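Structural overview
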Amino acid sequence: MISFFFFQSLPISASQRLCLLPFTCLLTLAASFPVLDIQNFYLFNGTLEDIMNIPLESSQPDHGGNHVRQVRDIAPHPPAGHGWPKDCSEIPAGSRSGVYIIQPKGLHHLVVYCEMNVTHGGWTVIQRNQKDTSVTWAESWSTYKYGFGNVRSEYWLGTEYIYQIAKQKVYQVRFIIQDSTDNISFADYNLFSLEDESHGYRLRLGSYTGTAGDAMTSDNPKTMHDNMKFSTKDRDQDTYSKNCAYSYEGGWWYSACYSVRVNFKGGMTWGNLCKGNCKSSLILIKPASYC
Ligand SMILES: [Ca+2]
């Protein structure tokens, strides 16, 4: 494990060039603050000011004579003795959407995008894509495992990190799809979990509600996604004689092959809602509500 240290006065973008997957970057914020061990720093392309819950100290001149930003007024840091949020649902209500540092149980810190405006907020964004993306989605197993893209635009959080987050509690998932006419539809599943890597990150979904259609739990076993293992171009775990992830240029929980194709560079698919011409996708998780 190789770690890199830098200090508050240095822009993150300068250090990020040194942070190569799967290496970990250590972020020293200030002498009074503990070192952060951010495991997926390669997903972040910005400055410290872009991370919502870092306690930037005010009026401390940096080496260039500039003064760093004032302490944030919302969710500035974990409450004393409480640690970092384990997912976005632990960020205080009323906080803005944006990039936050979380620390799932048993893991180092992660950067994620927290969606705080959709349905009571608290959603952890595990995927975001749009058809004109510059992100290449035809990636390998290990690239999917640890995530790729940029948390502020299109990205995959990482199959391993999604698994680690979702095993902390009982989670639900929301898929938000923009169709070819710019209508926004959603598909909720009241349960969401993955099995571990040794079981192929098999997907387990609960029951559906929504407006987009239940495309993840198709009646057709050839286009089913629920209960499927995750496949990538270099790890074929689908139920097809060939390799769906290779043929369709993106990792997913394929069967033989799909009714949902959102991990893809180009027009996406969600069931009958938009076949090959969906404009954007967003996948959010948060602990299930029992109300
Ligand atoms: Ca196959």
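Residues numbered from 1 in each chain as written. Predicted model: local features only at pLDDT ≥ 70, side-chain atom pairs only at ≥ 80, totals over all residues. Heavy atoms only, no water.

**Re the coordination of the calcium ion**
Distances from the calcium ion to its protein donors, Asp236 (OD), Asp236 (OD), Asp238 (OD), Tyr240 (O) and Lys242 (O), fall within 2.2 to 2.6 Å. Written as a sequence motif, the donor arrangement for the calcium ion is D-x1-D-x1-Y-x1-K. Asp236 sits in the partly exposed class, given a relative accessible area of 38%. (Donors = N, O, S within 2.8 Å, 3.2 Å for Na, K, Ca; no water. Buried < 20%, exposed > 50% of the residue type's maximum accessible area, 1.4 Å probe, protein only.)

**Notes on the nonpolar core**
Phe192, Trp252 and Trp270 are the most contacted members of the largest nonpolar core, which totals 76 residues. Other than its neighbours up to four places away in sequence, Phe192 contacts Ile126, Ile162, Ala166, Tyr171, Gln172, Val173, Leu203, Arg204, Leu205 and Ile285. (Core = buried A, V, L, I, M, F, W, Y, C linked by side-chain atoms within 4.5 Å. Contact = heavy atoms within 4.5 Å.)

**Points about the state of the cysteines**
Going through the model one piece at a time under the given rule, you end up with three disulfides. Across a sulfur-sulfur distance of 2.0 Å, Cys88 and Cys114 are joined as a disulfide pair. For the disulfide bridge between Cys88 and Cys114, the dihedral angle about the S-S bond is near -70 degrees, and by the sign convention the bridge is left-handed. One end of the pair, Cys88, is in the loop between strand S2 (36-38) and strand S3 (98-102); the other, Cys114, is in strand S4 (residues 110-115), with 26 residues separating them in the sequence. Of the two residues, Cys88 and Cys114, neither departs from the other in class, the shared state being buried. Put simply, Cys244 and Cys257 are joined by a disulfide, and their sulfur atoms are 2.0 Å apart. Across the S-S bond of Cys244 and Cys257 the torsion is about -85 degrees, and the bridge reads as left-handed. Of this pair, Cys244 sits in helix H4 (residues 244-247) while Cys257 sits in the loop between H4 and strand S12 (260-261), placing them 13 residues apart in sequence. (Disulfide = S-S within 2.5 Å. Helix = DSSP H or I, 4+ residues; strand = E, 2+ residues; numbered from the N terminus.)

**Details of helix H3 (residues 159-166)**
For H3, the buried fraction is high: eight of the eight residues fall into the buried class. Residues of H3 that are buried: Thr159, Glu160, Tyr161, Ile162, Tyr163, Gln164, Ile165 and Ala166.

**What about the sheet that holds strand S14 (residues 274-278)?**
Hydrogen bonding along the main chain pairs the strands of a sheet, whether they run parallel or antiparallel. Taken in spatial order, the three strands make up an open sheet running S12-S13-S14, and their pairing is antiparallel. Of all the strands in the sheet, the pair left with one neighbour each is S12 and S14. Where strand S13 (residues 268-270) and S14 come together, two bridges link them in antiparallel fashion. When the sheet's bridge partners are listed, Trp270 is paired in S14 with Cys274. (Pairing = 2+ DSSP bridges.)

**Topic: the pairing of strand S5 (residues 123-130)**
Where burial is concerned, most of S5 is hidden: seven out of the eight residues are buried. One ladder, built from three bridges, connects S4 with S5; its direction is antiparallel. The residue bridging Glu115 from the neighbouring strand is Trp123, located in S5. Across two bridges, the pairing between S5 and strand S7 (residues 155-156) is antiparallel. Note on S7: the bridge partner recorded for Arg128 is Tyr155.

**Some words on unusual backbone geometry**
Of note, the amide linkage connecting Ala256 to Cys257 takes the cis form, showing an omega dihedral of 15 degrees. A positive phi angle, near 70 degrees, is found at His120, a position not held by glycine. With respect to the helices and strands, the residue His120 is situated in the loop between S4 and S5. Positive phi values are uncommon outside glycine, yet Asp182 reaches one of about 75 degrees.

**Things to note about the confidence of the model for the chain**
Taken over all residues, the pLDDT of the chain has a mean of 85, while the share at 70 or more is 78%. Within the model, the stretch residues 1-23 combines pLDDT values under 50 with 48 contacts to residues more than four positions away or in other chains. In this model, residues 58-62 is a region of pLDDT below 50 whose contacts with residues beyond four sequence positions or in other chains number 13 contacts. (pLDDT = per-residue confidence, 0-100.)

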